[in-house]
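Topology and contacts: notes
What follows is each chain in one-letter form.
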Amino acid sequence: MEKRSWAEPYKIKMVELLKMTTREEREKAIAEAGYNTFLLRSEDVYIDLLTDSGVSAMSDRQWAGMMLGDEAYAGSRNFYHLEETIRDYYSYKFTVPTHQGRGAENILSQILIKDGDYVPGNMYFTTTRLHQELAGGTFIDIIIDEAHDPASTHPFKGNVDFHKLNNLVNDVGADKIPYVCIATCVNMAGGQPISLDNLRELRNWCDKHDIMLVHDMTRVAENAYFIQQREDGYQNKTVKEIVFEICDLTDAATMSSKKDAMVNIGGFLAMNDADLYEKACELVVVYEGLHTYGGMAGRDMEALAIGIKESVQDDHMSARIGQIAYLGRRLEEEGVPIVKPYGGHAIFLDAKAILPHIPQAQYPAQALAAALYVESGIRAMERGVVSAGRNKETGENYMPNLELVRLTIPRRVYTQAHMDVTVESVVEVMKNANEVKGLEFTYEPKMLRFFQGTFKQIG
Ligand code: F0G
């Protein structure tokens, strides 16, 4: 069929009813939640753009797959289906299921990282960096500078800067670098892709220095779609082919299957090396479960195997990215400052530009997310100084260039009208921006403080 718009390749069979709230109720709810949208009750939320994680609508086929769950403790039929699917679609030979992405990060970090090691990556992710640090490593950011500039329109802001990588090797030596960790569609950069050209160069670089290449493949299908749209030579390849090619360039992967693969829970660690697999099997029984289920129920492994196949369909991906681009375009038409190009899983509001009167030390993105909730019951997420946390050596706040509010779009869940309401709400908050107050912590957890920290308004 001729392509006309990003309209969805599915229709709605069941709906989930939502509670509508008043502004007064929302003001009370956000104050009780300590101005942290993670601490709101979901019942009090109208449009939930907190995350794209575990919140997708599963298809009729995935739900049918749930009924085929083989809940045996060992050797579940669904595990073999999942393992075979990962081999066919993602290239990796061995699979160890985990309860979600961070379960895989924990096991991988414990096996590969020694005290005093350095782990370079194309920008940090919160849980990934923490597991690297808990294992004794130090994360080093090797993403291109453009990724830290919300206004840069570089088509592949997820790319690696080889000067930064070479400097690291010169400074600490290749034997202090157990692996390079590369994320596809870099979350903290605004959902920005890495190019296959850059990834291929990275593969060669890793071979030259005899360093492993690990792939955080949480949003690999979205990255593949951007490659198809933007990179020379890939226009006639399918998302499925590009996904395989990306994975095939790397040695191992951690996956949060709650995103791309559209299941509510689950993840895995996958690899080609038999020795690494053996070590992962030894550890997974300590932290997750037997190596043929890890942290997952049989039915969830079945839904995941089906979700992987659905996630790499071109029609699915053009509707997915099309919806996000629609939201981005409408916001831009209204003059809202956002990260460009539009991300693969979200549109990111530039909180520094929207609330210039709030210094970064008073958490402008946290304040903006709270204000948006009060305005219309839309729940977004801070991705700025609160998420960045503190340097483990100095105890100082990391002060990232990017001080963002993420409007994250769950897969197959919201309509175009929901996107329109979102735009209207952001515009309304912007009109009254000078009424938004800065925040200070009333409780600051030591690790991953953005999840459970609470705040009060200043002044
Ligand atoms: N890697 C990336 C790039 C992620 O975005 C996430 C989760 C993880 C790893 C960890 O996976 O949650 O299954 O343990 N991101 C979610 C988000 C939480 O909202 O961005 P997990």
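Use the structure listed above.
Residues numbered from 1 in each chain as written. Predicted model: local features only at pLDDT ≥ 70, side-chain atom pairs only at ≥ 80, totals over all residues. Heavy atoms only, no water.

A few points about the overall build of the protein chain
Heads up, the condition is: In this description a helix means any DSSP run of H or I spanning at least four residues, a strand means any run of E spanning at least two, and both kinds are numbered starting from the N terminus. It is over C-alpha atoms that the radius of gyration is taken, and the globule rule equals 2.2 Å times the number of residues to the power 0.38. Buried means the residue's accessible area, taken with a 1.4 Å probe over protein chains only, is under 20% of the maximum for its type, while exposed means over 50%, and partly exposed covers the values in between. Under the convention used here, a 1.4 Å probe and the Shrake-Rupley method define accessible areas, while residue burial counts only the protein chains that appear. Counted as positive: Lys and Arg. Counted as negative: Asp and Glu, with His and the chain ends omitted from the count. Note on charges: their place is set at NZ of Lys, CZ of Arg, CG of Asp or CD of Glu.
The helix and strand tally for the protein chain stands at 17 helices and 14 strands. In terms of overall dimensions, the protein chain is globule-like: its C-alpha atoms have a radius of gyration of 21 Å, near the 23 Å expected for 459 residues. Counting every position in the protein chain, which comprises 459 residues, the buried fraction comes to 61%. On the protein chain, roughly 19,300 Å² of surface is accessible, and the fraction owed to carbon and sulfur atoms is 49%. For the protein chain, the centre of its 48 positive side-chain charges and the centre of its 66 negative side-chain charges are spaced 3 Å apart.

A short note on the layout of surface pockets
Where empty space is left can be seen by rolling a probe of water-molecule size over the atoms. Selection criterion: Cavities and pockets are defined on a 1 Å grid built over the protein atoms alone: a cavity is a set of grid points where a 1.4 Å probe fits but cannot escape, while a pocket is an open set with protein on both sides within 12 Å along at least five of seven lines, and lining residues are those with an atom within 4 Å of any such point. Grid points are joined across faces, edges and corners, and a volume is the space filled by probe spheres set on the points. Under the scheme applied, nonpolar residues are Ala, Val, Leu, Ile, Met, Phe, Trp, Tyr, Cys and Pro; charged residues are Asp, Glu, Lys and Arg; polar residues are all the others, including Gly. What fixes the domain bounds is an automatic or database domain assignment.
Its boundaries defined by the atoms lining it, the largest pocket holds a volume of some 1,600 Å³. When residues of the lining of the largest pocket are traced back to their parent elements, those giving at least two are α2 (60–66) and α12 (314–333). A per-element tally of the lining of the largest pocket places α2 first, with three residues. Classifying every residue of the lining of the largest pocket by side-chain character gives 16 nonpolar, eight polar and 13 charged. Taken domain by domain, the lining of the largest pocket gets at least three of its residues from each of domain 1 (23–52 + 314–457) and domain 2 (60–311). Estimates place the volume of the second largest pocket at around 610 Å³.

Points about the site of the ligand
We apply this condition: Throughout this document, a residue counts as near a molecule or strand when at least one of its heavy atoms sits within 4 Å of that molecule or strand. We define a polar contact as two N or O atoms separated by no more than 3.5 Å, with the added condition that, inside protein, one atom must be a possible hydrogen donor and the other a possible acceptor, whereas residues neighbouring each other in sequence contribute only through side-chain atom pairs. Pocket or cavity membership: a molecule qualifies when more than half of its atoms sit within 2 Å of the grid points of that site.
Around the ligand, the structure places 17 residues, and the nearest of them are T51, R102, D216, S256 and K259. Between the ligand and R219 there is a distance of 2.9 Å, counted from an oxygen atom to a side-chain nitrogen or oxygen. Relative to its unbound accessible surface of 470 Å², the ligand loses 95% to contact with the protein. Counting atoms within 2 Å of the grid points, the majority share of the ligand lands in the second largest pocket. By residue number, the principal contributor to the shell around the ligand is helix α4 (residues 101–112), which donates three residues. Class assignment for the residues of the shell around the ligand results in two nonpolar, eight polar and seven charged. Both domains that furnish three or more residues to the shell around the ligand are identified here as domain 1 (23–52 + 314–457) and domain 2 (60–311).

Interpretation note: all reported values are geometric properties and have no functional meaning in isolation.
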